[in-house]
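Below, each chain spelled out in residue letters.
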Amino acid sequence: MTAARTAGAPTPGRERARRFGLRPFRTWTLRSRVVLVVVAMLAVLGAVIGTVSVLALQNYLMERLDQQLTSALSRGQHAADRINAGGPTVPQAQDVVQTPGQPTGTLGAVRSSSGGLLFTPVVLSDRPTTPTANQPLGPQQVTINPLPLLTVPADQTPRTVDLGSALGSYRIAAAQLDNGDSVIIGLPLSEVTATVQQLTLVVVLVTLAGLVFAFLIASFVVRLAMKPLARVAATAEQVAHMPLDRGDVALSVRVPEGDTDPHTEVGKVGSALNRMLGHVASALTARQASEQKVRQFVADASHELRTPLASIRGYAELTRRSPHELPQDITRSIGRIESEATRMTSLVEDLLLLARLDEGRELDRDPVDLSLLLIDALSDAHAAGPDHSWRIELPEEPVEVSGDAPRLHQVVMNLLANARVHTPEGTTVVASLAVDDAAREAVVTVSDDGPGIPEELQSTLFERFARGDSSRNRATGSTGLGLAIVHAVVEAHGGTVGVNSRPGSTVFTVRLPLAGEPPEEAASGSEALVQDPDAVEGRTEAGAGAGAEADPAEKRGAVRE
């Protein structure tokens, strides 16, 4: 458990990247990653070259300074030995630094054999204000911390010491004189330090300028190199948005010929994608041809079966109505023949309708009042299923769509019949109509409080010949095409149909585009009217008894009463 938590927990690096708004490196585009890697490699290379160059120059300058220091120490030592050899006079610091050949800034000091400084150290500074020919430079006494001078060994080895803010860093060395004293000579490191710092600054500036230039060049080159890959990706994206799951698919999209060169990596991908698209197009063509043959067969068979089925029903009905008395078993057999012929006729008609819709035949586009359509459909459903409780909810204003009235009526009837057949007696079925102003759609819902649809069946509910389990058993011998017809008709009208079901609540929702501008006042739950089914049935029977169709306004008025 601990390992699983650790594996799933974000790392500190990811937390920091998220805090600063940075995406993980693996989520960057290939172009960004290539440019970043190139610039990073050049930065590392520039840093290495710059560091090596600075260190090499510093080492060279230090070696040269050490050579100068060794020469200056030798000259100072010889000068001090000559003074000691000439008499009792003790050499002073200025005698050491004034020796011909000593460079400006030379530090000089004489240390006794007992370890103390004999004189104050001096530094060889500029020449006098009124110089004469070959006049030596003038030494100046300086006040410094004497400890570094007292502790330096007299082994003529150059060492770097800090002499304080007055002089800074010096390279010093000491040599022993013939009388046991020591002479100390030092040269300043200021020129070496300044040269190294100047080179470091130049290297940094040049490296930064080179990185900026490399970034621009790399971005341009990578963008140019990625254009073929972008075109290949655009082709794949275009194919991905094509509806390949249904209908006649003309898959003519291909990667451009210039991006299919097998000698390049992108060309290999483009060529492979074109071959794959060719295979997919062949498979889709074969599928479409097969589906077309099946549709044509179903349409032809349905059309050819209509006549013999009508003949069977006619002869059966004629025999049943014959004035001659028939034996009871023959009468029952003829009744069964007639009922099965009726069922087969319904199946053939459904198959023929689906075949015509699959062929893309245009439906009628006339104004259809969905309010009246729901009233008529619910009246028929109440007559077919009086053991159910039927309710209807309508908006105040009529809702019109443009479509085929008989087909839309069949949609509502199939949904109501589905609720009636697959729910037990006493189930409440509600048909409602509303308007979605935002989507400019009419929304028809058919809901019931029955046992619900199994979850595993809901994904295939609108397929042809879909059958439920025992909880929604087809007790009346349904063909299994009702909801498939609902789906096909609604799609042909440019709408959608869906279902949401759980035990105790099943809701079918049909959305259809409104005809023209949507009504100003849409239906809402507070404005919906709930009509008692007996009133609907009474209104239907009254209209039928009069022998004429009631006016649409009168129908809506009857519902509101």
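Conventions adopted
Residues numbered from 1 in each chain as written. Predicted model: local features only at pLDDT ≥ 70, side-chain atom pairs only at ≥ 80, totals over all residues. Heavy atoms only, no water. Helix = DSSP H or I, 4+ residues; strand = E, 2+ residues; numbered from the N terminus. Contact = heavy atoms within 4.5 Å. Pairing = 2+ DSSP bridges. Axes fitted to C-alpha atoms, helices over the stretch in contact; angles between N-to-C directions. Expected span 1.5 Å × (residues − 1). Buried < 20%, exposed > 50% of the residue type's maximum accessible area, 1.4 Å probe, protein only. Salt bridge = Lys/Arg side-chain N within 4 Å of Asp/Glu carboxyl O. Left-handed = near helix turned anticlockwise from the far one by under 90°. pLDDT = per-residue confidence, 0-100.

1. A short note on the side chain of Ser-432
- With respect to the helices and strands, the residue Ser-432 is situated in strand β10 (residues 428–436).
- The contact partners of Ser-432, leaving out residues within four places of it in the chain, are Leu-374, Glu-393, Val-443, Val-444 and Thr-445.

2. Side note on the sheet that holds strand β3 (residues 139–141)
- If you walk across this open sheet you meet the six strands as β3-β2-β1-β6-β5-β4, and the pairing is antiparallel. At either end of the open sheet lies a strand with only one pairing partner, and these are β3 and β4 (159–162). Ignoring which end each strand starts from, the neighbouring axes of this sheet average 30° apart.
- Relative to strand β2 (residues 122–124), strand β1 (residues 107–111) is paired through two bridges, and the arrangement is antiparallel. Residue Gly-108 lies in a different strand from β2, and its bridge partner there is Val-122.

3. Regarding helix α10 (residues 405–421)
- For α10, which comprises 17 residues, the first-to-last C-alpha distance of 24 Å matches the rise-based estimate of 24 Å (1.5 Å per residue) to within 8%.
- Those residues of α10 lying buried are Leu-408, Gln-410, Val-411, Val-412, Asn-414, Leu-415, Leu-416, Asn-418, Ala-419 and Val-421.

4. Regarding the pairing of strand β11 (residues 441–448)
- Taken across its eight residues, β11 has six buried, putting it largely inside the fold.
- Pairing analysis gives eight bridges linking β10 to β11, with the strands arranged antiparallel. Within β11, the position partnered with Val-429 by the bridge is Asp-448.
- Connecting β10 to the next strand, β11, in antiparallel fashion are four residues, including Arg-440 with a positive phi near 55°.
- Across eight bridges, the pairing between β11 and strand β13 (residues 505–513) is antiparallel. Within β13, the residue paired with Glu-441 across the bridge is Pro-513.

5. Focus: the pattern of salt bridges
- Under the defined criterion, the tally for this structure stands at six salt bridges.
- With its nearest N and O atoms 2.7 Å apart, the salt bridge here joins Asp-66 to Arg-171. In this pair, Asp-66 is assigned in helix α3 (residues 30–86) and Arg-171 in strand β5 (residues 169–176), connecting sequence segments 105 residues apart. Pair check on accessibility: Asp-66 and Arg-171 agree, each one buried.
- For Arg-391, the salt bridge identified is with Glu-393, shortest N-O distance 3.9 Å.
- Note on Glu-393: relative accessible area 23%, which makes it partly exposed.

6. A short note on the packing of α10 against helix α12 (residues 482–492)
- For the pair α10 and α12, interaxial distance at closest approach is 9 Å and the crossing angle is 145°. As for how α10 packs across α12, the hand of that crossing is left-handed. Every residue of α12 that contacts α10 at Arg-407, Gln-410, Val-411, Asn-414, Leu-415 and Asn-418 is listed here: Gly-482, Leu-483, Ile-485, Val-486, Val-489 and Val-490.

7. Brief notes about unusual backbone geometry
- Phi at Gln-156 is positive, roughly 65°, even though this residue is not glycine.
- Relative to the helices and strands, Gln-156 is located in the loop between α5 (147–151) and β4.
- At Arg-440, a position not held by glycine, the phi torsion is positive, near 55°.
- Overall, the relative accessible area of 39% leaves Arg-440 in the partly exposed class.

8. Considering the confidence of the model for the protein chain
- A residue-level look at the protein chain finds 77% of positions with pLDDT of 70 or above and a mean pLDDT of 77.
- Here residues 127–133 is a poorly scored stretch, pLDDT under 50, and it has eight contacts once near neighbours within four places are set aside; other chains count.
- Across residues 517–554, where pLDDT falls below 50, the model places 47 contacts with residues more than four positions away in sequence or in other chains.

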